[in-house]
Amino acid sequence: MSQLRTPSLREMIAGLIHAPSVSSVNPDFDMSNLTAAERIAGWLDGAGFKVQLQEIPGHPGKVNVIGVLGRGPGGLVLAGHMDTVPYDQGRWASDPFTLTERDGNYYGLGISDMKGFIAMAVEAAARHKPGELKQPLIVIATADEESSMCGGRALSEAHLPKARYAIIGEPTAMRPVHMHKGILMEAVKVIGHSGHSSDPSLGKNALEGMHRAIAGLLQYRGELEHKYHDHHFKVQTPTLNLGHIKGGDNPNRICPECELHFDVRILPGMSVEQVRAEARERLTAALDGSGFEVEFRSLFRGTDPLQTPGTSALVKAAEELTGHKAEAVAFATEGPFLQKLGMQTVILGPGDINVAHQPNESLPIANVEPMLKMLEHFIQRFCVTSEPA
Ligand SMILES: [Zn+2]
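What comes next is a walk through the structure. (Residues numbered from 1 in each chain as written. Predicted model: local features only at pLDDT ≥ 70, side-chain atom pairs only at ≥ 80, totals over all residues. Heavy atoms only, no water.)

Time to look at the coordination of the zinc ion. Ideal coordination angles are 109.5 degrees for a metal with four donors arranged tetrahedrally and 90 or 180 degrees for a metal with six donors arranged octahedrally. At the metal site, the zinc ion is ligated by H81 (NE2), D113 (OD) and E170 (OE), and these contacts range over 1.8 to 2.1 Å. For D113, a relative accessible area of 4% translates into the label buried. (Donors = N, O, S within 2.8 Å, 3.2 Å for Na, K, Ca; no water. Buried < 20%, exposed > 50% of the residue type's maximum accessible area, 1.4 Å probe, protein only.)

What follows is the structure in structure tokens.
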């Protein structure tokens, strides 16, 4: 019955591609995701799900979709973000908002990252009725993963959803991922004061202060590299990159202010909060007694690392179904928000990260049926036959 009220998978994929939902920290590109959200909500409603549109405080026009079928203490979440990155106008071979098929691929903005997966999750979910389920099946579509992660954060602050397992369909080329690094992006500003270069006593040179600050930061980096190590990752230590610096104007003026932006990629077992506090401590210590003022700012709130143990029932099931050992990847996801709610979380999706965030984003049509079959297996195992934890 429910299948009759949900459009075909191809229609759902086309419907999501045709609902622009760019998210960006630049307000010129940022869009509401309401059209995409209402479509997903309508399909889930048609399939018998209890559906909630969660408004996101402080982000008007942005919502999460939460659809729940069945009830129980365990259960499975299928999650994806509705938003896409902005696109390069004129560099696409076809309209980025029209689903196009050629050479065995689907093309469209977000097809791989990750509107294709969301439609597949709805399709797999719609094949089940509440009566069949011993544990809940939950479909989540979030806002703004590509920019502020406000959607994932709003879920975790509302303690939603509740389940034991979660699959996030980010593009992993059908291979399970159980670990990724976390990210912080921070700014530090050193403030002195200006004066004529001919007499250093007239000013206080912020570039010289920054020199001390950078030395402190690089020493901290050395300690992080020494202290933390994880062989699962290609780059096995935390990294700290100096990415941007701005200060001064003229060679004959003492530089009054200098600002540096840096990022830190942290390993499982480390947290954004801890590393942010330590980095600030080191910078403060490096400038201690120098007479410079120092100001700190976070360029975004940061993403924690993800780590789901290899012994997790979900990791094992994913390895069995895909025939691949679970891996660690370099990109971050909303996984840590779900992990904090107590869910064993695996990243597994049909798209390929190598085609995401660029013109002519594609998804191999040959991956669609195998992905659907896998989702059905997961639902069967974690919702229908009610696997113990
Ligand atoms: Zn993504």
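Still more ground to cover, so stick around.
What follows deals with the packing of helix α2 (residues 9–17) against helix α4 (residues 111–126). Direction vectors running N to C along α2 and α4 enclose 140°, while the axes themselves pass 9 Å from each other. With respect to α4, the element α2 is oriented oblique. Between α2 and α4 lies a crossing of right-handed hand. Between α2 and α4, the contacting residues are L9, M12, I13, L16 and I17 on the first element and I111, K115, I118, A119, M120, V122 and E123 on the second. Looking at side-chain class alone, the contact of α2 with α4 contains 10 nonpolar, no polar and 2 charged residues. (Axes fitted to C-alpha atoms, helices over the stretch in contact; angles between N-to-C directions. Helix = DSSP H or I, 4+ residues; strand = E, 2+ residues; numbered from the N terminus. Parallel < 35°, antiparallel > 145°, perpendicular 65-115°, else oblique. Left-handed = near helix turned anticlockwise from the far one by under 90°. Contact = heavy atoms within 4.5 Å. Nonpolar A, V, L, I, M, F, W, Y, C, P; charged D, E, K, R; others polar.)

Here we take up the packing of α2 against helix α3 (residues 34–46). Closest axis-to-axis distance for the α2/α3 pair is 9 Å, and the angle between their directions is 160°. Taken together, the axes of α2 and α3 lie roughly antiparallel to each other. Crossing angle aside, the handedness with which α2 passes α3 is right-handed. Each of M12, G15 and L16 in α2 lies in contact with α3, whose residues at this interface are A36, R39, I40 and W43. Among the residues forming the contact of α2 with α3, the class breakdown is 5 nonpolar, 1 polar and 1 charged.

Estimates place the volume of the largest pocket at around 480 Å³. Surrounding the largest pocket, 20 residues form its lining, E145, E146, M149, A332 and H357 being those nearest its centre. Here the lining of the largest pocket is built from residues that sort into 11 nonpolar, 4 polar and 5 charged. Its volume calculated, the second largest pocket comes out at about 370 Å³. Together, 16 residues line the second largest pocket, and K50, V68, L69, G70 and I138 are the ones closest to its centre. (1 Å grid on protein atoms, 1.4 Å probe; cavity = no way out; pocket = protein on both sides within 12 Å on 5 of 7 lines; lining within 4 Å. Points joined across faces, edges and corners; volume = space filled by probe spheres on them.)

Side chains that differ in sign of charge can pair as their charged atoms come close. Overall, the coordinates contain 18 salt bridges when judged by the stated rule. A salt bridge links R297 to E259, with the nearest nitrogen and oxygen atoms 2.7 Å apart. With R297 in strand β12 (residues 293–298) and E259 in strand β11 (residues 257–266), this residue pair connects regions lying 38 residues apart in the sequence. Linked by salt bridges that have partners in common, D30, K62 and D144 make up one network. (Salt bridge = Lys/Arg side-chain N within 4 Å of Asp/Glu carboxyl O.)

All right, on to the pairing of strand β8 (residues 177–180) then. Two elements, β8 and strand β14 (residues 327–329), share 3 bridges in a ladder whose sense is parallel. Across the sheet, the residue bridging to V177 is E327, located in β14. (Pairing = 2+ DSSP bridges.)

The first and last C-alpha atoms of helix α7 (residues 272–286) sit 21 Å apart over 15 residues, in line with the 21 Å expected at 1.5 Å per residue. Every buried residue belonging to α7 is among V272, V275, R276, A279, L283 and A286, and all of these are buried. The arc enclosing the buried residues of α7, seen along the axis, measures out at 100°, which places them on a common side. Opposite its buried face, α7 presents the exposed residues E273, E281 and A285, each directed more than 90 degrees away. Among the structural elements, β9 (182–191), α6 (206–227), β11 and β12 are those in contact with the buried residues of α7. (Expected span 1.5 Å × (residues − 1). Arc of directions from axis to C-beta.)

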